[in-house]
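# Understanding the architecture of this molecule
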Amino acid sequence: MMTKIAFVRKKEIPPSAPPITEVGLIGWLRQNLFSSWLNSILTVLSVYFIVVILWDFIPWAYGGHWNTKSLRECLDLDPDVACFSVLTARWKQLLFGLYPAEEYWRPTLTFMFLLLAIVPILFPRFFRFFWFSIIYPGLAVWLLWGGSFWSISIVYIGLTLGALFFLSLIRRYLKNYMVAAILAFLFTAVFFLFISNPLVGLLNVILPISLPFVESLKMGGFTLSLIVGVTGIVASFPIGILLALGRQSNLPVIKMICVGFIEFIRGVPLITLLFVASVLLNYFLPPGTNFDIVLRVVIMVTLFSAAYMAEVIRGGLAGLPLGQHEASASLGLTYWQSQRLIIMPQALKISIPGIVNTFIGLFKDTTLVSIISLRDPVGLASTIRADQKWNGIYWELYVAIGLMFFIFCWGMSQYSQYLERKLKTDK
Amino acid sequence: MEKTKINITDEVAIHISDMNKWFGNFHVLRDINLEVRRGERIVVCGPSGSGKSTLIRCINRLEEHQKGSIIVDGTELTTDLKNIDKIRSEVGMVFQHFNLFPHLTTLENCTLAPMWVRETPEKEATEIAMEMLEKVKIPEQAHKYPGQLSGGQQQRVAIARSLCMKPRIMLFDEVTSALDPEMIKEVLDTMIQLAEEGMTMICVTHEMGFARQVADRVIFMDDGQIVEQNEPEEFFKKPKSDRTKLFLSQILGH
């Protein structure tokens, strides 16, 4: 029999609802937990393991002691539950290290200001408060280390004057940015070499504002982790961008310097760099140079993660179609304009997961400073355990330290996911 | 439709003489001589690999030529970055794959270059952009992102984006090749409209209907050389070179 191939639809088929097993709770369970035999077995096993772990952990944590005087006392009361008393006794040390107790308000205030200062950076809606983010680094340094208010402010004053000088040069006299920049640089240098010191002296006499000085070796605990971590994150990001651009540059010298730097830093363990910072650097610097240990560590950590950052961003740059460069060039945008307006926004967006990954890695790597005997939380844990009263305690301390790190890292991860959702423009 | 014969002037818009280009050892453009007058509409065709895209990409220095000279609007293309940026801001280009900026809305795509290159105030740039988006008939998509538009719409936005710079010359590089058949017409209509307004245009395309309708001159390229050029009527009816005949039979044959 011959098949009839001609066909004309006479009646439209209206769209109808999907079957009940595909939607709602049942649909979700079927799709996600019981989609096949293997999946169902894995689901049941996972639930079993979670229950087993929580079965032990919850009574251990929930029944824990908070107010004993030593580990011995805890064990005498009930050896099967947690002994959180070590946290009760030593939490201040975990947060502030050896920072003088009467000055605890300073790191605390610095931390609260930090939360305020990052808001304009994280949420463009509050960008009008960005001035605070600019003031913050100086404010934080002054609050943490103390000393004269003016010796920090003078840095801001000098840089502002330099910038104003540069701008007014460009507005009135010069069109050449390079010459204006060199002149402004000289102006700023003269200011810092000859004018700033007498000026600070004068201001100290007229209006003495100062805080007691706290030396770097007293910094410790999470204060130290945050100092190193936040500074490292903030500084390594722009350096990473420049290195990534430099690595793609057509100028052979710049390219070679960037490639050499990145490959060298990536090829060396962070611990080695930290040892260089803590021990070797002093041999190379002229005797008597007082080069702050925390600053040295921050520089090393920054350079280390800048190299990784550069590679992550290079990945993002490579992910952009050539057409984007061509389109922005064909519109007459200059190299820097097109980098800033077209290329970087997209490359950075592609690299968000990698960038945040590097940030999180950097933040956790700050615990390595315990190796060069700085007192970060992990270093302090050893110190605390060396105390006879708490000798033998492991879980409680490390769980608490881990939890603190987790909160920060999880926060960063959540923000990165929020950012990815927000910047999604294709749907 | 009657072709509008308007305002081709004697003024030279683009002057290319003895231009040569190599990709490594590959001699991609050979002794190109071409003079385009203001208001002229030129269609460049030829088999793939014939160098036609490279030719128009040399005109705004997306590719660098190694010998000969290219003078655009009285300015010679040299390694001087200032000249290059100046020429690029005078010469609009539309690409096969649109190359819209996906992180900016349609409107922002259009206002970006005027604001940063021409330093047009935002309000004025927005007005120009809306005017151009209306011209390409998609003002209602102004606040959408390129990823939310169809291919034809994206290509029209790309045209509008170039027009916002008020270019004196437009280059079209196979702008309909990546489009679904039902979207080709809307883009061609926009280009025809531009042609009728007297824009100086060089179009690399295989749309022979378009060439017949708007071109003042059709150039056929093969192996990096200009093989034949003529008015469209003559070009299609009585091609002189065998290579042209073969090419035309291949693309018009079915």
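Our structure is the block above this text.
In every chain, residue numbers begin from 1 and rise along the written sequence. Following the order in which they are written, the chains are lettered starting with A and the ligands numbered starting with 1. pLDDT decides what is reported in this predicted model: residues at 70 or higher carry local features, side-chain atom pairs at 80 or more are listed and counted, and totals for whole chains, interfaces and linings draw on all residues regardless. Side-chain measures here rest on the full set of heavy atoms in the structure, leaving out hydrogens and waters.

## What to know about the overall build of chain B
Filter applied, for reference: Secondary structure elements follow DSSP: runs of H or I of four or more residues count as helices, runs of E of two or more count as strands, with numbering from the N terminus. Two things to know: the radius of gyration comes from C-alpha atoms, and the globule rule equals 2.2 Å times the number of residues to the power 0.38. We call a residue buried when its accessible area falls under 20% of the maximum for its residue type, exposed when it is over 50%, and partly exposed in between, using a 1.4 Å probe and counting protein chains only. Whether two residues are in contact is decided by their heavy atoms: any pair within 4.5 Å suffices. A 1.4 Å probe and the Shrake-Rupley method give the accessible areas. Residues count as covered only by the protein chains that appear here. Only four residue types enter the tally: Lys and Arg on the positive side, Asp and Glu on the negative side, with His and both chain ends excluded. For charged residues, the charge sits on one atom: NZ in Lys, CZ in Arg, CG in Asp, CD in Glu.
Across its full length, chain B carries 9 helices and 10 strands. A compact globule built from 254 residues should have a C-alpha radius of gyration of about 18 Å, and chain B, at 18 Å, falls within 12% of that. Projecting the C-alpha coordinates of chain B onto the three principal axes gives extents of approximately 55 × 45 × 35 Å. The 254 residues of chain B split such that 56% are buried. Counting contacts in chain B only where the partners sit at least 6 residues apart, residues at least 24 apart contribute 67% of the total. For chain B, the accessible surface area stands at approximately 11100 Å², while carbon and sulfur atoms represent 49% of it. Computing the positive centroid from 31 side-chain charges and the negative centroid from 39, chain B places the two 2 Å apart.

## Overview of the pairing of strand 4 (residues 67-72) of chain B
Residue and element names in this part refer to chain B. Inclusion rule: DSSP-based pairing: two strands are paired if at least 2 bridges between them are found.
When strand 1 (residues 12-23) meets strand 4, the two strands line up antiparallel, connected through 5 bridges. Directly across from Ser 17, in strand 4, lies its bridge partner Ser 69. Examined bridge by bridge, strand 4 and strand 5 (residues 75-76) share 2 bridges and lie antiparallel to one another. Within strand 5, the position partnered with Val 72 by the bridge is Thr 75.

## Regarding the nonpolar core
Our working rule: In this text, buried Ala, Val, Leu, Ile, Met, Phe, Trp, Tyr and Cys residues form a nonpolar core when linked through side-chain atoms within 4.5 Å.
Counting 116 residues, the largest nonpolar core has Val 297 and Ile 313 of chain A together with Ile 16 and Ile 202 of chain B as its most contacted members. Filtering out sequence-adjacent residues up to four positions away, Ile 202 of chain B remains in contact with Ile 14, Val 36, Ile 42, Val 44, Ile 56, Ile 59, Met 170, Leu 171 and Phe 172 of chain B. In terms of nonpolar packing, the next biggest core, distinct from the first, is built from 47 residues, Val 136, Ile 159, Ala 160 and Met 201 of chain B among them.

## A few points about the sheet that holds strand 9 (residues 217-222) of chain B
Residue and element names in this part refer to chain B. Filter applied, for reference: Every angle, taken between N-to-C directions, lies between 0 and 180 degrees, and every axis is a line fitted to C-alpha atoms, over only the stretch in contact when it is a helix.
With mixed pairing, 6 strands are arranged side by side in an open sheet as 6-7-8-3-9-10. One side of each edge strand has no neighbouring strand; the edge strands of this open sheet are strand 6 (91-94) and strand 10 (225-230). Across this sheet, the average inter-strand angle for adjacent strands is 20°, counted without regard to direction. As defined by bridge partners, strand 7 (residues 169-173) adjoins strand 8 (residues 200-204) across 5 bridges and the pair is classed as parallel. For Ile 169, the partnering residue across the bridge sits in strand 8 and is Thr 200. Its contacts with the sheet put helix 6 (residues 181-196) on strand 3 (41-45), strand 7 and strand 8, and the angle it makes with strand 8 is roughly 150°.

## A short note on helix 4 (residues 85-96) of chain A
All names here are of chain A. Among all positions in helix 4, only Ser 85, Val 86, Leu 87, Arg 90, Gln 93, Leu 94 and Phe 96 are buried. Elements that come into contact with the buried residues of helix 4 comprise helix 3 (71-77), helix 5 (105-122), helix 9 (221-247), helix 15 (377-386) and helix 16 (395-422). Once helix 4 finishes, Gly 97 follows within two positions and takes phi at roughly 65°, a positive value.

## Points about the interface of chain B and chain A
When the parts of a complex come together, some accessible area is lost, and that lost area is often used as the size of the interface. What counts here: Values labelled buried area give the accessible surface lost by two parts on being combined, using a 1.4 Å probe and summing over both. By salt bridge we mean one thing: a side-chain nitrogen of Lys or Arg within 4 Å of a carboxyl oxygen of Asp or Glu. Counted as a polar contact is a pair of N or O atoms within 3.5 Å, where, for protein atoms, one must be capable of donating a hydrogen and the other of accepting one, and residues adjacent in sequence contribute only when both atoms are in side chains. Ten residues, namely Ala, Val, Leu, Ile, Met, Phe, Trp, Tyr, Cys and Pro, are considered nonpolar, four, namely Asp, Glu, Lys and Arg, are considered charged, and the remaining ones, Gly among them, are considered polar.
Counting from both sides, the interface comprises 25 residues of chain B and, opposite them, 20 residues of chain A. Buried area between chain B and chain A, summed over both chains or domains, comes out near 1900 Å², and the portion from carbon and sulfur atoms is 62%. Between Arg 57 of chain B and Glu 326 of chain A there is a salt bridge, and its shortest N-O distance comes to 2.6 Å. At the junction of chain B with chain A, the criterion picks out 6 residue pairs in polar contact (both at pLDDT 80 or more). Listing elements by their share of the side of chain B that touches chain A, those giving two or more residues are helix 2 (81-90), strand 6, helix 3 (106-117) and helix 5 (151-163) of chain B. No other element matches the 4 residues that helix 3 of chain B contributes to the side of chain B that touches chain A. Of the residues assigned to the side of chain B that touches chain A, the class counts are 14 nonpolar, 7 polar and 4 charged.

## A short note on unusual backbone geometry
Excluding glycine, a negative phi dihedral is what most residues carry, and trans is how most peptide bonds are arranged. Here Ser 373 of chain A, not a glycine, exhibits a phi torsion of approximately 55°, which is positive. Residue placement: Ser 373 of chain A occurs in the loop between helix 14 (335-365) and helix 15. Note on Ser 373 of chain A: relative accessible area 56%, which makes it exposed. One non-glycine residue with positive phi stands out, namely Asp 73 of chain B, at about 55°. Of note, Asp 73 of chain B is situated in the loop between strand 4 and strand 5.

## Brief notes about the pattern of salt bridges
Oppositely charged side chains can form a pair if their charged atoms are brought close together. Applying the stated criterion across every chain, the model contains 27 salt bridges over all chains. The partner of Asp 216 of chain B in a salt bridge is Arg 41 of chain B, and the shortest N-O contact between them spans 3.1 Å. Here Asp 216 of chain B is found in the loop between helix 7 (208-214) and strand 9, whereas its partner Arg 41 of chain B is found in strand 3, with 175 residues between them in sequence. For Asp 216 of chain B, a relative accessible area of 8% translates into the label buried. When its relative accessible area of 3% is taken as the criterion, Arg 41 of chain B is described as buried. A salt bridge links Arg 61 of chain B to Glu 64 of chain B, with the shortest nitrogen-to-oxygen separation between them at 3.7 Å. Salt bridges sharing partners connect three or more residues here, namely Arg 247, Glu 263, Arg 266, Glu 311 and Arg 314 of chain A.

## A word on the state of the cysteines
Stated formally: Note that a disulfide, as used here, is simply two cysteine sulfur atoms within 2.5 Å.
One pass over the structure, following the stated rule, counts 1 disulfide over all chains. Linked covalently through their sulfurs, Cys 74 of chain A and Cys 83 of chain A form a disulfide whose S-S length is 2.0 Å. Every disulfide takes its handedness from the sign of the S-S torsion; for Cys 74 of chain A and Cys 83 of chain A that torsion is 70°, giving right-handed. For Cys 83 of chain A, a relative accessible area of 2% puts it in the buried group. Here Cys 110 of chain B is not disulfide-linked; the sulfur of Cys 164 of chain B is the nearest cysteine sulfur, at 4.4 Å. For Cys 110 of chain B, a relative accessible area of 1% translates into the label buried.

## Side note on the sheet that holds strand 1 of chain B
Working definition: the strands of a sheet are paired by backbone hydrogen bonds and lie parallel or antiparallel to each other. Residues and elements named next belong to chain B. Read from one edge of the open sheet, 4 strands run 2-1-4-5, paired in antiparallel fashion. Both edges of this open sheet fall to strand 2 (26-37) and strand 5, since each of them pairs with a single strand only. The strands that helix 1 (residues 52-59) touches are strand 1, strand 2 and strand 4; relative to strand 1, the one it contacts most, it runs at about 120°.

## Details of the packing of aromatic side chains
The condition that has to hold: Planes of paired rings set the category: under 30 degrees apart is stacked, over 60 is edge-to-face and the rest tilted, where pairs are Phe, Tyr or Trp rings (Trp by its six-membered ring) whose centres lie within 6.5 Å. We call a charge positioned over a ring when the NZ of a Lys or the CZ of an Arg lies within 6 Å of the ring centre and within 35 degrees of the ring normal.
The full count for this structure, using the stated rule, is 26 aromatic pairs over all chains. Measuring from centroid to centroid gives 5.1 Å for Tyr 335 of chain A and Trp 336 of chain A, while their planes differ by 80°, and the two rings are edge-to-face. On the basis of relative accessible area, Tyr 335 of chain A is assigned to the partly exposed category, the value being 43%. Exposure remark for Trp 336 of chain A: the relative accessible area of 56% places this residue in the exposed category. Grouping aromatic residues by their ring pairs yields a cluster made of Phe 111, Phe 222, Phe 363, Phe 405 and Phe 408 of chain A. Over the ring of Phe 101 of chain B we find Arg 161 of chain B, and its NZ or CZ is 4.5 Å from the ring centre. Between Arg 212 of chain B and the ring centre of Phe 236 of chain B, over which it is positioned, the NZ or CZ distance is 4.6 Å.

## Remarks on the side chain of Ser 225 of chain A
Relative to the helices and strands, Ser 225 of chain A is located in helix 9. Discounting chain neighbours no more than four positions away, the residues touching Ser 225 of chain A are Val 230, Phe 363, Thr 366, Asp 376, Pro 377 and Phe 405 of chain A.

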